[in-house]
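# Coordinate inspection notes
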Amino acid sequence: MKTKRILFFVFLIVGAFQFSVAQENLLGILEKEHKDTLQYTDATFKMTRIAIGHSLETRKKGTLEVFVVNRFWNGPYETSQSFFVEKLSSRIALEYGITDRLSTGFGGTTFDGLFDGYLKYRLVRQRLKGQGSPFSITLLQASSYNSNGFAGLDAGFSDRLSYTSQLLIGKKFSPGFSFQIAPTFIHRGEASPGDDPKSHFAVGFGGRLKLGPHVSFVSEYYYTANPIKSFDTYGPFTIGVNWELGDVMLQFMLTNAQRIVDDAFITQTRNNFNFKNPNLNFGFNATYVIHFNRKLKNVKGVKE
């Protein structure tokens, strides 16, 4: 009887030991997988726009954004009939996260009659602790349609289309500072004087400096290597503040870019950045985020 009890306890101890070893191995595997998922850098820019241009961010799957962009400016006149500003341009768009890495959006602008759409894909994600890629890469393909008439020209459908291709390369250097460079190719299909190039090469620079838990300072500049020749153009420059309020994100900025769609403001900004009308414009963007998958709002552990 005693021998049976001794053997029973021996088998019990051995079984418990094997179970604990198996549990430790399983926990080790889960821990490694969990650590691997947390090694990606999130919230490089928080918003899908730095200010006037696209950031490398894409929205999570099942997230819909109602995106409203406004530009306000005065004309180059000493007197004005307007109490606040003389001119206003607005763009209203819907943008949706198809997957965690693929986003799309469609919108229309009032001032220049442009209708535009884009696809954005997060190709490479920055990794933490020096493992994997030290930066993020996002591919952007956008197009726009000019619905306005061309003076003295009979423009067909293809003449009204323009295309923008961008490689958005960015890095989150610290929790408070992120930087992005954006090599850009633009092809304008619209009818234009013969001396004007229809294909343009540009590069954009943008940065974000975190000022508080929900407030950040942002700035952007675009340089075009072969600008339009029929009229003077300048590189669009922007300084602004981004403010996050839960599902509402606000952006306030000063810029010399009156146009809103990428191919238009990169190639057709006609005023230099200074404090003379109409060179300095006030911009205001508002984004309302709708989560169709409510679990996205409860995700924890996202790094600032």
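Above this text is the structure in question.
Read on for an overview of the structure. (Residues numbered from 1 in each chain as written. Predicted model: local features only at pLDDT ≥ 70, side-chain atom pairs only at ≥ 80, totals over all residues. Heavy atoms only, no water.)

## Let's talk about the sheet that holds strand 1 (residues 63–73)
Note: strands within a sheet are paired through backbone hydrogen bonds, in either parallel or antiparallel orientation. Here we have twelve strands rolled up into a closed barrel, ordered 1-2-3-4-5-6-7-8-9-10-11-12, and antiparallel in their pairing. Averaged over all pairs of adjacent strands, the angle between their axes in this sheet comes to 20°, without regard to strand direction. (Pairing = 2+ DSSP bridges. Helix = DSSP H or I, 4+ residues; strand = E, 2+ residues; numbered from the N terminus. Axes fitted to C-alpha atoms, helices over the stretch in contact; angles between N-to-C directions.)

## A short note on the packing of aromatic side chains
As enumerated under the stated definition, the model contains eight aromatic pairs in all. Judged by centre distance (4.9 Å) and plane angle (90°), the rings of Phe237 and Phe273 are edge-to-face. Of this pair, Phe237 sits in strand 10 (residues 237–245) while Phe273 sits in the loop between helix 2 (262–267) and strand 12 (281–291), placing them 36 residues apart in sequence. By relative accessible area, Phe273 is classed as partly exposed at 22%. The ring of Phe173 carries the charged tip of Lys171 above its face, separated from the ring centre by 5.7 Å. One Lys or Arg, Arg270, reaches over the ring of Phe231 and ends 3.7 Å from the middle of that ring. (Phe/Tyr/Trp six-rings, centres within 6.5 Å; stacked < 30°, edge-to-face > 60°. Buried < 20%, exposed > 50% of the residue type's maximum accessible area, 1.4 Å probe, protein only. Lys NZ or Arg CZ within 6 Å of the ring centre and 35° of its normal.)

## Side note on the nonpolar core
Generally speaking, soluble globular proteins have nonpolar side chains that are buried together. If you look at the biggest cluster of nonpolar residues, it comprises 18 residues, and the most contacted ones within it are Leu168, Tyr222, Phe265 and Ile266. Broken down by secondary-structure element, the contributors of at least two residues to this core are strand 5 (136–146), strand 7 (177–188), strand 9 (215–224) and helix 2. (Core = buried A, V, L, I, M, F, W, Y, C linked by side-chain atoms within 4.5 Å.)

## As for the pairing of strand 7
In strand 7, alternate side chains face the same way, and those of Ser178, Gln180, Ala182, Thr184, Ile186 and Arg188 are buried while those of Phe177, Phe179, Ile181, Pro183, Phe185 and His187 on the opposite face are not. Note that strand 6 (residues 161–174) and strand 7 share ten bridges and pair antiparallel. Bridging across to strand 7, Gly170 finds its partner in Gln180. Counted between consecutive antiparallel strands, the loop separating strand 6 from strand 7 contains two residues. Across eleven bridges, the pairing between strand 7 and strand 8 (residues 199–210) is antiparallel. Bridged to Ala182 within strand 8 is Gly204.

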